[in-house]
Amino acid sequence: MSHPEAISLCIIDDIKSVVDGLTAMNWEEQGIRVAGVSSNGEEGLKLIGGLRPDLVITDIRMPKMDGLSMLRAILEENRSCKVILISGYADFEYAQQAVQLGAFDFVVKPFSEEDIMSAVLRAKAEIMEERIKLLSLREMENKLRESMPVLRQEYFALLVSHRTSWKEASGRWDFLNIELEPRGFVVMLIEIDRFREQVAELSIREMELIRFSLLNIMQETLADYARSVVFRTDHDRYLAVLNDTGSSSPIEIAEQCCRNIERYTKFTVSVGVGGRVEEISELPDSYRQAHRALSHHLFTEGNAAIIYDDLHQSGSQEPLALEYKDELLLALRSGNAVRTDAILTAISETLQERISRQNPDYLLSLYDELAASAIRTLYEMVPYSDVQPLIQNFRAVQGNAGLPLASLQRQLLALCTEGAELVRRNSLSEGQKVIYKAIDYIKGRLSEDITVGECAAYVHLSASYFSSLFKRVTGMTVTQHMTSERIQKAKLLLVEGAQVQEVASAVGYEERRYFSEMFKKITGQTPSEFRAGYHPDRPEA
């Protein structure tokens, strides 16, 4: 009974009794199968050519073709075939020569079954060892072939992150069989819009199928325009490196990706396109530009491409003062949802007017700061069990990368207005509400010389009761609080580079000298010294 891993054997001899005797041996027990027999060299060679056996037993002296000629022909055709020669004693030197030419072994006539079996089993052991090595090699080749996409991905992830010359990259480039031309590149970053939100209820398998199908569409789209490498870099992002051939502009190619994704799936993508670079060593430049271009989708609703060359280029970020921040926190503390809504709307409108000049990362940090301050305030004002579900829901949504600015604003508005309502329902005393209302009034008039009586009148209380209640709620007197707020605002103005006289006037001190004395009393430095600590190269005029 044959076995798929059995050693195949052909027997060639012009003496029939020798062939019959060798054929009758118990080969199957040793995992060896007799594939064919022949009585002369020419027929035997044809037989071997057709069957390609692992092992051949043949006599050296045969009609039509001797064993040595057959040996040469067999090894030229199949180097891995093992040939055992049968030889008479007179042919001993001849047989030795044959072994030197590549025969595996020879057996001298007359021989026993043990002699033949011993030689064959040694040949079998070597054949099996070669098979194992070959299988290991093929397995490694298959694994390498299967790993090539991952290896290319890892290599390009390095190329876009670290500067590498062509001299350093060329060897790996050929080994990984990269089909890109080694000059003229554009990097694209592609992000699935609101992906986590859309697949929250899907299984991992379903998400993987979606990501694979989107990758396939991107690869096919880019292949229509240029040689490219496209791979997934994150949960919802892909990176593409393509040759810029000039036949189609990179932004047109990126926009076609957007259209095809929208056409063939229920998803959309945002694309950031870097500038063209010539050398492999410049890929990190195009990658950083693509990343910045993608960040500007903060201002879009997605399903669009932005190229770095079209962005507003500026040196430093135009600062946005957070003058609304303290008002927002006061509105939260007072449980005033209507006031909270109005303040956040004013913030949004202010940002919208300046949006073309803003860095997306700067705006994100601003909203992160507002959200963090609001969350701290809510933890202070509302029992943990009541406020935690609201905060968890906010953080879950905020964790989705790629949210447009409008969504960020809506999420922050929901957090703050619902939070203010929780504060209102969770035992803010009437006295606290009155004081927070007065603090809001004070903040709006730091440049004026307001009195305790004016503050008390604003909240319809007597000056003495107002002063007592203010100290009980805040831990400070009204005057101490005013001074603290004025000095804090003065610090900000000084850091921004304002002159000391301007700052004094802006925070309600008519006399610079008196302002300087109060500033030093609280901070330990004069305003000029404090300002010089931030602007040593810009002395006071």
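About the cut-offs
- Residues numbered from 1 in each chain as written.
- Predicted model: local features only at pLDDT ≥ 70, side-chain atom pairs only at ≥ 80, totals over all residues.
- Heavy atoms only, no water.
- Helix = DSSP H or I, 4+ residues; strand = E, 2+ residues; numbered from the N terminus.
- Polar contact = N/O pair within 3.5 Å; in protein donor to acceptor, adjacent residues only side chain to side chain.
- Core = buried A, V, L, I, M, F, W, Y, C linked by side-chain atoms within 4.5 Å.
- Buried < 20%, exposed > 50% of the residue type's maximum accessible area, 1.4 Å probe, protein only.
- Contact = heavy atoms within 4.5 Å.
- Phe/Tyr/Trp six-rings, centres within 6.5 Å; stacked < 30°, edge-to-face > 60°.
- Lys NZ or Arg CZ within 6 Å of the ring centre and 35° of its normal.
- Pairing = 2+ DSSP bridges.
- Axes fitted to C-alpha atoms, helices over the stretch in contact; angles between N-to-C directions.

**Describing the side chain of arginine 531**
(1) Moving on: Relative to the assigned elements, arginine 531 resides in helix 22 (residues 527-534).
(2) Moving on: Among the polar contacts listed, one links the side chain of arginine 531 to the backbone oxygen of alanine 498, at a separation of 3.0 Å.

**Quick look at the nonpolar core**
(1) Moving on: Counting 31 residues, the largest nonpolar core has Leu332, Ile347, Tyr367, Leu412, Leu415 and Cys416 as its most contacted members.
(2) Moving on: Those elements giving two or more residues to this core turn out to be helix 11 (323-333), helix 12 (337-353), helix 13 (360-381), helix 14 (384-398) and helix 15 (405-425).
(3) Moving on: Of the residues forming this core, the biggest block, nine residues, is contributed by helix 13.
(4) Moving on: Not counting chain neighbours up to four residues away, the residues in contact with tyrosine 367 comprise Ile347, Ser348, Leu351, Leu405, Gln409 and Leu412.
(5) Moving on: By size, the runner-up hydrophobic cluster in this structure holds 30 residues, among which are Val199, Ile210, Tyr238 and Ile307.

**So, the packing of aromatic side chains**
(1) Moving on: With the rule as written, the count across this model stands at 12 aromatic pairs.
(2) Moving on: Ring centres 6.5 Å apart and planes at 75 degrees place the aromatic pair tyrosine 155 and phenylalanine 156 in the edge-to-face group.
(3) Moving on: Given the relative accessible area of 0%, phenylalanine 156 is considered buried.
(4) Moving on: Site record: aromatic cluster; members linked through ring pairs are Tyr155, Phe156, Trp166, Trp173 and Phe185.
(5) Moving on: Stacked on the ring of tyrosine 458, the Lys or Arg lysine 437 has its end atom at 5.6 Å from the ring centre.
(6) Moving on: Taking the ring centre of tyrosine 509 as reference, the NZ or CZ of arginine 486 above it sits at 5.9 Å.

**Remarks on the sheet that holds strand 8 (residues 237-243)**
(1) Moving on: Strand order in the open sheet formed by five strands is 7-8-6-9-10, with mixed pairing between adjacent strands. At either end of the open sheet lies a strand with only one pairing partner, and these are strand 7 (228-232) and strand 10 (304-307). Each neighbouring strand pair of the sheet contributes to a mean axis angle of 15 degrees, computed without reference to strand direction.
(2) Moving on: Bridge count for strand 6 (residues 185-192) against strand 9 (residues 269-273) is five bridges, and the pairing is antiparallel. Along strand 9, the bridge assignment pairs isoleucine 192 with valine 269.
(3) Moving on: Packing of helix 8 (residues 204-223) onto the sheet brings it into contact with strand 6, strand 7, strand 8 and strand 9, and relative to strand 7 it is tilted by some 165 degrees.

**Remarks on the pairing of strand 6**
(1) Moving on: Burial within strand 6 is extensive, with eight of its eight residues counted as buried.
(2) Moving on: What you see with strand 6 is no split at all: Phe185, Val187, Leu189 and Glu191 on one side and Val186, Met188, Ile190 and Ile192 on the other are buried throughout.
(3) Moving on: In this sheet, strand 8 lies alongside strand 6 in antiparallel orientation, the contact comprising seven bridges. Residue leucine 189 lies in a different strand from strand 8, and its bridge partner there is leucine 239.

**A short note on the pairing of strand 3 (residues 55-59)**
(1) Moving on: Within strand 3, five of the five residues are buried, leaving the element largely enclosed by the surrounding structure.
(2) Moving on: Where burial is concerned, the two faces of strand 3 agree: the one with Leu55, Ile57 and Asp59 and the one with Val56 and Thr58 are both buried.
(3) Moving on: Note that strand 3 and strand 4 (residues 82-87) share five bridges and pair parallel. Opposite isoleucine 57, over in strand 4, you have isoleucine 84 as the bridge partner.

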